Amino acid sequence: MSIPGPGGQGLQLTPFRGLRYVAERVGSLAAVTSPPYDVVVRPEGLRELETADPYNIVRLILPQAGTPEARHRQAAETLRRWQADGVLAPDPEPALYVYEQRDGPTLQRGLIGALRLSPREEGIVLPHEEVMPHVVEDRADLMRATAAHLEPLLLAYRGNGNGNGTSGNGAAGQGAGGVAQVIERTIQREPLLSTTTEDGVDHHLWRVTNPADLVEVSTDLRQHQALIADGHHRWATYLRLREERREPGPWDFGLVLLVDTARYPLRVRAIHRLLRRLPPDEALPAVRRAFRVRTVDGPLPRALETLAEAARADPGAPNAFLLAGDGSFHLLDRPDPELLARTVPDGRPEAWRTLDATVLHHTLLNHLWNVPDTPEHIGYLHDPAAAVEQAERLGGTAVLMHPVREEVVHELARQGIAMPHKSTSFGPKPATGLVLRSLTLG
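Residues numbered from 1 in each chain as written. Predicted model: local features only at pLDDT ≥ 70, side-chain atom pairs only at ≥ 80, totals over all residues. Heavy atoms only, no water.

## Points about the pattern of salt bridges
Opposite charge on two side chains permits pairing when their charged atoms draw close. Per the stated rule, a full pass over the model turns up 26 salt bridges. The closest approach of N and O atoms between Glu100 and Arg102, which form a salt bridge, is 3.1 Å. On the accessibility criterion, Glu100 (4% relative accessible area) is buried. One salt bridge connects Arg353 with Asp346, and the closest N-O pair in it is separated by 3.3 Å. (Salt bridge = Lys/Arg side-chain N within 4 Å of Asp/Glu carboxyl O. Buried < 20%, exposed > 50% of the residue type's maximum accessible area, 1.4 Å probe, protein only.)

Following this line, the structure appears as structure tokens:
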């Protein structure tokens, strides 16, 4: 995604003094990392991270206390204590960071830095999903309390295509310029840190401080715009907190990981819904007149493949969902076109009106099930197995989704059309805890 932009603005990624764990003070770097805050949704997953190491980053991104105010205050106090005790220490000089993830044949590389914030109308950073106000408010309170960006957003952009790019598994070609060339030179050096997390993913981090390299990165990125792949709520939080401050300063920038998807294509996965208070024996009768409903064979991987086949089978009626929670799997497909016409809002592109998430929220949740979109009623889970397990344990219903095609996401973003929140999950996501950005460091 290139952008000519008035004055050649585009993406402006600046170095910062990364705040990082001191390896000698923690059990292991792997033990102090975490998935992004919104992926850690199961209580047992949170407890596992908290017990992995007393300094696990989850104590900052998801502090546990009786009230929101207490949680945020606790995170701020923990961050100050860890810095005072030498558990976290700033790097000696500002830098950009090359970040590499290897997961079997999958390779991803990108640049971590502080990105100049820009509103949607500038067309530099393109959101593609709506956000939930209560989540933005919570993240804003946490950032105010800690004066820190604790985990980078994942932003996707498309480089100029110079050089051979990547093969399907992300293997980089030779001869590329700009950011790609800087990354290729940097990874020839010894990494700043290396660790392998419990999921088997290898993580490597390098610093980029050479002035010529920084100029090369800056010149290249100013030609481009980026899509928010993961972190819409944190981006909205960055913008809110910037608006609160009248003077230019560190709040004008936000911590991001920029990945050139021409070289390292991202994976697109679905985010599933947990309807905590709607049991399957109430959900299913309400939809039988509006959808074709069939019980399909398990186990879960087989049922998900049946869902994928249904989503591909009929381009004219693409919506399909998998319901679980009663020990069985129920496929919903072939929705009533007249019902969709009545319940899905007009005035949006057809690509938006036919999204599974659009139909789910407007037709199923709002019209047929009358389920309010609040945390008490709906949970958002990236792991389908976790969604099914929690539904069965709570007596609720899991709604399993099929991923949106990446080209649909990009096309709607370019048109300025926001998809319903939690419509997509791009990855691989950066591990949280490898590098933080303090807004109080010089």
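## Here's the deal with the sheet that holds strand S18 (residues 378-381)
Strand order in the open sheet made by the six strands is S15-S17-S16-S19-S14-S18, with antiparallel pairing throughout. Where the open sheet ends on each side, the last strands, each with one partner, are strand S15 (292-296) and S18. Strand after strand, the sheet turns through a mean of 25 degrees between neighbouring axes, direction not considered. Pairing analysis gives five bridges linking strand S16 (residues 320-324) to strand S17 (residues 329-333), with the strands arranged antiparallel. The partner of Ala324 across the bridge, within S17, is Phe329. Strand contacts of helix H14 (residues 384-394): strand S14 (272-275), S16, S17, S18 and strand S19 (397-400), with the helix running at about 160 degrees to S19, the strand carrying the most contacts. (Pairing = 2+ DSSP bridges. Helix = DSSP H or I, 4+ residues; strand = E, 2+ residues; numbered from the N terminus. Axes fitted to C-alpha atoms, helices over the stretch in contact; angles between N-to-C directions. Contact = heavy atoms within 4.5 Å.)

## Quick look at helix H5 (residues 133-146)
With 14 residues, H5 should cover 20 Å at 1.5 Å per step; its first-to-last C-alpha distance of 20 Å lies within 8% of that length. By the burial criterion, the buried members of H5 are Val135, Val136, Arg139, Ala140, Leu142, Met143 and Thr146. The arc enclosing the buried residues of H5, seen along the axis, measures out at 165 degrees, which places them on a common side. One or two steps after H5, the chain reaches Ala147, where phi turns positive at roughly 50 degrees. (Expected span 1.5 Å × (residues − 1). Arc of directions from axis to C-beta.)

## What about the pairing of S17?
With five of five residues buried, S17 lies mostly within the body of the structure. In S17, alternate side chains face the same way, and those of Phe329, Leu331 and Asp333 on one face and His330 and Leu332 on the other are all buried. Alignment of S15 against S17, held across five bridges, turns out to be antiparallel. Considered in S17, the bridge of Val296 is made with Phe329. Hairpin remark: S16 followed by S17, antiparallel, with four residues in the connecting loop; positive phi at Gly325, about 140 degrees.

## Brief notes about the packing of aromatic side chains
A complete count under the given rule lists five aromatic pairs for this structure. When the ring of Phe16 is compared with that of Tyr97, the centres are 5.5 Å apart and the planes differ by 55 degrees; the resulting orientation is tilted. With Phe16 in the loop between strand S1 (13-14) and strand S2 (18-21) and Tyr97 in strand S4 (residues 96-103), the pair connects residues that are 81 residues apart, well separated along the chain. For Tyr97, a relative accessible area of 0% puts it in the buried group. Centre to centre, the rings of Tyr21 and Trp82 are 6.3 Å apart; their planes meet at 50 degrees, and the pair counts as tilted. With Tyr21 in strand S2 and Trp82 in helix H4 (residues 68-84), this pair connects stretches of sequence that are 61 residues apart. In this structure Tyr21 comes out as buried when scored by relative accessible area, which is 5%. Trp82 sits in the buried class, given a relative accessible area of 2%. In textbook terms, an aromatic cluster arises when at least three aromatic residues are bridged by ring pairs, as seen for Tyr21, Tyr55 and Trp82. Note that Arg139 overlies the ring of Tyr37, its terminal NZ or CZ placed 4.1 Å from the centroid. (Phe/Tyr/Trp six-rings, centres within 6.5 Å; stacked < 30°, edge-to-face > 60°. Lys NZ or Arg CZ within 6 Å of the ring centre and 35° of its normal.)

## With respect to the sheet that holds strand S3 (residues 88-90)
Ordered in space as S3-S2-S21-S7, the four strands form an open sheet in which the pairing is antiparallel. Because the sheet does not close on itself, it has two edges, and the strands there are S3 and strand S7 (148-149). Of the pairings in the sheet, the one linking S2 to strand S21 (residues 436-438) comprises two bridges and is antiparallel in character. Bridging from a neighbouring strand, Leu19 pairs with Leu436 of S21.

## Here's the deal with the packing of H5 against helix H8 (residues 232-243)
Between two packed helices, what matters for the description is the angle formed by their axes and the separation of those axes. Orientation of H5 relative to H8, taken along the N-to-C sense of each, is 60 degrees, at an axis distance of 9 Å. By the angle class used here, H5 and H8 are oblique. Judged by the sense of rotation from one axis to the other, the crossing of H5 with H8 is right-handed. Here Val135, Val136, Glu137, Arg139, Ala140, Met143 and Arg144 of H5 come into contact with H8, specifically with His233, Arg234, Ala236, Thr237, Tyr238, Arg240 and Leu241. Split by residue class, the contact of H5 with H8 holds seven nonpolar, two polar and five charged. (Parallel < 35°, antiparallel > 145°, perpendicular 65-115°, else oblique. Left-handed = near helix turned anticlockwise from the far one by under 90°. Nonpolar A, V, L, I, M, F, W, Y, C, P; charged D, E, K, R; others polar.)

## A word on the packing of H4 against H5
Axis separation between H4 and H5 bottoms out at 8 Å; the angle between their running directions is 35 degrees. For the pair H4 and H5, the crossing hand works out as right-handed. Contact with H4, carried on its side by Arg71, His72, Ala75, Ala76 and Leu79, involves Asp138, Asp141, Leu142, Ala145 and Thr146 of H5 and no other residues of that element. The class makeup of the residues in the contact of H4 with H5 is five nonpolar, two polar and three charged.

## Things to note about the pairing of strand S8 (residues 153-157)
Taking burial as the measure, the five residues of S8 include five buried ones, the bulk of the element. Across the two faces of S8 the burial is the same, with Leu153, Leu155 and Tyr157 and Leu154 and Ala156 all buried. Across five bridges, S8 lies against strand S12 (residues 253-260) in parallel orientation. In the sheet register, Leu155 faces S12, and the bridge partner there is Leu258.

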